[in-house]
Amino acid sequence: MEQQQIKLVVLDMAGTTVADQHEVEACFAKAARMSGLEASDEAILAAQGLSKRYVFQLFWRAQLGESHPDVEIQVDKSYAIFKDVLEAHYQTQPVFPTDGCLKLFSYLKQNNIKIALTTGFYRVVTDIILGRLGWLEGLDENRLGNESTIIQASIASDEVEHGRPAPLMIQKAMRLLGVSDPKQVINAGDTPSDLQSGHAADVLLNLGVTNGTHTVEQLIGHPHDALIGSIDEIINLIEGIKEGRPSGKKADAYSF
């Protein structure tokens, strides 16, 4: 069935394709402390996947009041510190792909399925991470690749009008890569905002990854077609689609 042919897999970065032992939350918490922002570990974790500047806005509005005149000043201060801390981290600390990531990339390449990476990060730090992993190689100035590059597109949250949970990064990846039907797209990520974004984009399969920053219990209440232990399980789902199993949705071991 043509509508079931997968042409694009959209994957989150930190926690999904890039190993993350809660480093991003630690960098965020450090910037919050340094700028006088009160933010619990639980609240920071719950906001993973969202544009980080937007998260600072949410937290400062909660602390000072929605219409307080100093909100944006404080947001700018916190965000500037966060960027310095985060960039220093990724420039100096080891960066690894997640378990199963390279296996999935290899399978998708062999099957002529395009890969787009989306992220709540802004472009500068996104490029630092991609560069450390060797995934930036061959991408053009618009961060687009071709059949010979490791990934075919990279979309950062500062390159769309609204980051997650809006579907705009997924939709931009589709547009740039010539995929018009969301039912030819799989989306996977390890945060609630990843799942909310995939749901809003109406993709064929919207998958939660449970070996990243969030557990099964933390993801199960958010919109998803399946929860998977690592992203290489996407291979089995695609093979199931090829064999004619109905879109792979709610497929036995892959669903909760």
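Details of the structure are given in the entry above.
These numbers come from a predicted model, not from an experiment.

(A) Looking closely at the overall build of the chain. Helices and strands together make up the secondary structure of the chain, namely ten helices and six strands. Whereas a compact globule of 256 residues would reach a radius of gyration of roughly 18 Å, the chain reaches 18 Å, a difference of no more than 12%. Burial analysis of the chain (256 residues in total) assigns 55% to the buried set. For the chain, the proportion of contacts with a sequence separation of at least 24, taken over those separated by at least 6, is 66%. Working note: accessible area of the chain is about 11,200 Å², and carbon and sulfur atoms make up 51% of it. Once the 22 positive and 34 negative side-chain charges of the chain are each reduced to a mean point, those two points are 3 Å apart.

(B) Molecular detail of the pattern of salt bridges. Counted by the stated rule, this structure contains ten salt bridges. Close ionic contact of Arg164 with Asp12 constitutes a salt bridge, the shortest N to O distance being 3.2 Å. Note that Arg164 is positioned in the loop between β3 (153–156) and α7 (168–176) and Asp12 in strand β1 (residues 8–12), a separation of 152 residues in sequence. Residue Asp12 is classed as buried on the basis of its relative accessible area of 4%.

Conventions and cut-offs
Residues numbered from 1 in each chain as written. Predicted model: local features only at pLDDT ≥ 70, side-chain atom pairs only at ≥ 80, totals over all residues. Heavy atoms only, no water. Helix = DSSP H or I, 4+ residues; strand = E, 2+ residues; numbered from the N terminus. Rg over C-alpha atoms; globule rule 2.2 N^0.38 Å. Buried < 20%, exposed > 50% of the residue type's maximum accessible area, 1.4 Å probe, protein only. Contact = heavy atoms within 4.5 Å. Areas by Shrake-Rupley, 256 points an atom, 1.4 Å probe, with all protein chains shown as cover. Lys, Arg positive; Asp, Glu negative; His and termini not counted. Charge placed at Lys NZ, Arg CZ, Asp CG, Glu CD. Salt bridge = Lys/Arg side-chain N within 4 Å of Asp/Glu carboxyl O.

Purely geometric stuff here, so don't read any function into it on its own.
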